[in-house]
Amino acid sequence: MAPDTVSLRYFLVLAQELNFTRAAARIGIAQPALSARMRRLEAELGTSLLVRDTRTVVLTTAGAALAESAPPALAALDRAWDAARSAGAGEVGTLRIGYSLSTGAETAPSLVDRLIRDTPGLEVSAVPMATPEISTAVADGRIDTGITRGEQPGRGVRRFLLRRQRVGVQLAQHHPLAEDPEIDIAAAAAYPLRLPDRTVNPAVHDQLAALFRDIQPTPRFRTPAISFDLFQRDLRDGLTLAPAGEAAITVLSAGLTWRPLRDAPTLTIHLVLPRVQSPLHRRVRAVAKTLAHELNWLPG
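Report on the accompanying structure. Keep in mind it's a predicted model, so treat the numbers as computed, not measured.

1. Quick word on the sheet that holds strand β10 (residues 242–245)
Hydrogen bonds between backbone atoms are what pair the strands of a sheet, whose relative direction is either parallel or antiparallel.
Part 1 of the reasoning: If you walk across this open sheet you meet the three strands as β10-β7-β11, and the pairing is antiparallel. Whereas interior strands pair on both sides, the edge strands pair on one side only; in this sheet they are β10 and β11 (256–260). Across the sheet, the mean angle from the axis of one strand to that of its neighbour is 40°, orientation sign disregarded.
Part 2 of the reasoning: As judged from the four bridges shared by strand β7 (residues 167–172) and β10, these two strands associate in the antiparallel manner. Within β10, the residue paired with Gln-170 across the bridge is Ala-242.

Written out as structure tokens, the structure is:
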């Protein structure tokens, strides 16, 4: 059997000092213990490594060969241990993230940037996906984790609340309601309301529509022909409002603004992970939890 690495490391110190007393003091053990270690090491190797007398320690040919070859071997072993520990901590590998388009404005990029910054050994790829597909893709292993808006259904996954957002409306800066710091839900319902296509995100569509359930007369809902229009052309008529979370502020194009709806419930964003989680999944969860705390994504 190969000798233990502790004895090898002790031997290298002794090979540098060529003195048992100094070597034992440098290592932090008693001199008899160091002598016993060296005798055991020689027995394991089946050869003498040291020539001892009352004053001096001299390396044998075998000892000199070991002193030369052991450091790179120990360094390689240390790298192997570090690699194993990093893998066990979820700090190396490839992480595939799927995110819904609505979380791509701020939440998903913030998490991806933090994962890359805090975990240099991790390769991260992130792709936008249709929201109803994300939980299924996590459950069957096509992606490692997902970021979705709303409480999305799905089996074989666990969801962790990542962020709460105030609900408001996007509107043109020249809209009659744009002067108000907050907008009453009833006042917003007097104007055409653009809601996302229900097939794209049923949970969020239903939550936003429910804000206006008790309003009479029934609000005028419309679904945009283009599901993700960066220029928000339909809002520029100065009438149409688009209910959205406050992260919409970060992607507003020129001429548009966002105002919160008074007394509206919050929208939620969730991290989706498989029910059975690896060290990599637990690493993502830990980083996401820290990030949510630092950015105040879960106030109160």
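From this point, the discussion proceeds with the structure in view.
2. Digging into the pattern of salt bridges
Opposite charge on two side chains permits them to pair, given that their charged atoms come into close proximity.
Part 1 of the reasoning: If you walk through the whole model with that rule in mind, you get 13 salt bridges.
Part 2 of the reasoning: Ionic pairing is found between Asp-144 and Arg-96, a salt bridge with its closest N-O pair at 3.1 Å. Of the two residues, Asp-144 sits in the loop between α6 (131–139) and β5 (145–149) while Arg-96 sits in strand β3 (residues 93–99), which places them 48 residues apart along the sequence.
Part 3 of the reasoning: Using a relative accessible area of 32% as the deciding quantity, one classes Arg-96 as partly exposed.

3. Comments concerning the side chain of Gln-170
Part 1 of the reasoning: Take Gln-170: it is sitting in strand β7.
Part 2 of the reasoning: Classification of Gln-170 as buried rests on a relative accessible area of 5%.
Part 3 of the reasoning: Dropping the residues within four chain positions of it, Gln-170 is found in contact with Arg-194, Gln-232, Leu-235, Thr-240, Leu-241, Ala-242, Ala-244, Ala-248, Leu-252, Thr-257 and Trp-258.

4. Quick word on helix α1 (residues 5–17)
Part 1 of the reasoning: Given a rise of 1.5 Å per residue, 13 residues ought to cover 18 Å, and the 19 Å separating the end C-alpha atoms of α1 matches this to within 8%.
Part 2 of the reasoning: Listed as buried for α1 are Ser-7, Leu-8, Tyr-10, Phe-11, Leu-12, Val-13, Leu-14 and Ala-15.
Part 3 of the reasoning: A positive phi of about 50° marks Leu-18, the residue just after α1.

5. Things to note about the sheet that holds β5
Part 1 of the reasoning: Strands sit in the order β4-β3-β5-β12-β6 across an open sheet of five strands; the sheet is mixed. Both edges of this open sheet fall to β4 (122–128) and β6 (157–165), since each of them pairs with a single strand only. Taking the axes of each pair of neighbouring strands and ignoring which way they run, one obtains an average angle of 20° across the sheet.
Part 2 of the reasoning: Note that β5 and strand β12 (residues 267–274) share four bridges and pair antiparallel. Bridging from a neighbouring strand, Arg-149 pairs with Ile-269 of β12.
Part 3 of the reasoning: Relative to β12, helix α9 (residues 279–294) is tilted by about 160°, and along the sheet it contacts β3, β4, β5, β6 and β12.

6. What about the packing of α1 against helix α3 (residues 31–45)?
When two helices pack together, their arrangement is given by the angle between the helix axes and by the axis-to-axis distance.
Part 1 of the reasoning: For the pair α1 and α3, interaxial distance at closest approach is 10 Å and the crossing angle is 110°. By the criterion of interaxial angle, the relationship of α1 to α3 is roughly perpendicular. The hand of the α1/α3 crossing is left-handed. Contacts between α1 and α3 involve Val-6, Ser-7, Tyr-10, Phe-11 and Leu-14 from the former and Leu-34, Arg-37, Met-38 and Leu-41 from the latter.
Part 2 of the reasoning: Looking at the contact of α1 with α3, its residues break down into seven nonpolar, one polar and one charged.

Thresholds, definitions, all that
Residues numbered from 1 in each chain as written. Predicted model: local features only at pLDDT ≥ 70, side-chain atom pairs only at ≥ 80, totals over all residues. Heavy atoms only, no water. Pairing = 2+ DSSP bridges. Helix = DSSP H or I, 4+ residues; strand = E, 2+ residues; numbered from the N terminus. Axes fitted to C-alpha atoms, helices over the stretch in contact; angles between N-to-C directions. Salt bridge = Lys/Arg side-chain N within 4 Å of Asp/Glu carboxyl O. Buried < 20%, exposed > 50% of the residue type's maximum accessible area, 1.4 Å probe, protein only. Contact = heavy atoms within 4.5 Å. Expected span 1.5 Å × (residues − 1). Parallel < 35°, antiparallel > 145°, perpendicular 65-115°, else oblique. Left-handed = near helix turned anticlockwise from the far one by under 90°. Nonpolar A, V, L, I, M, F, W, Y, C, P; charged D, E, K, R; others polar.

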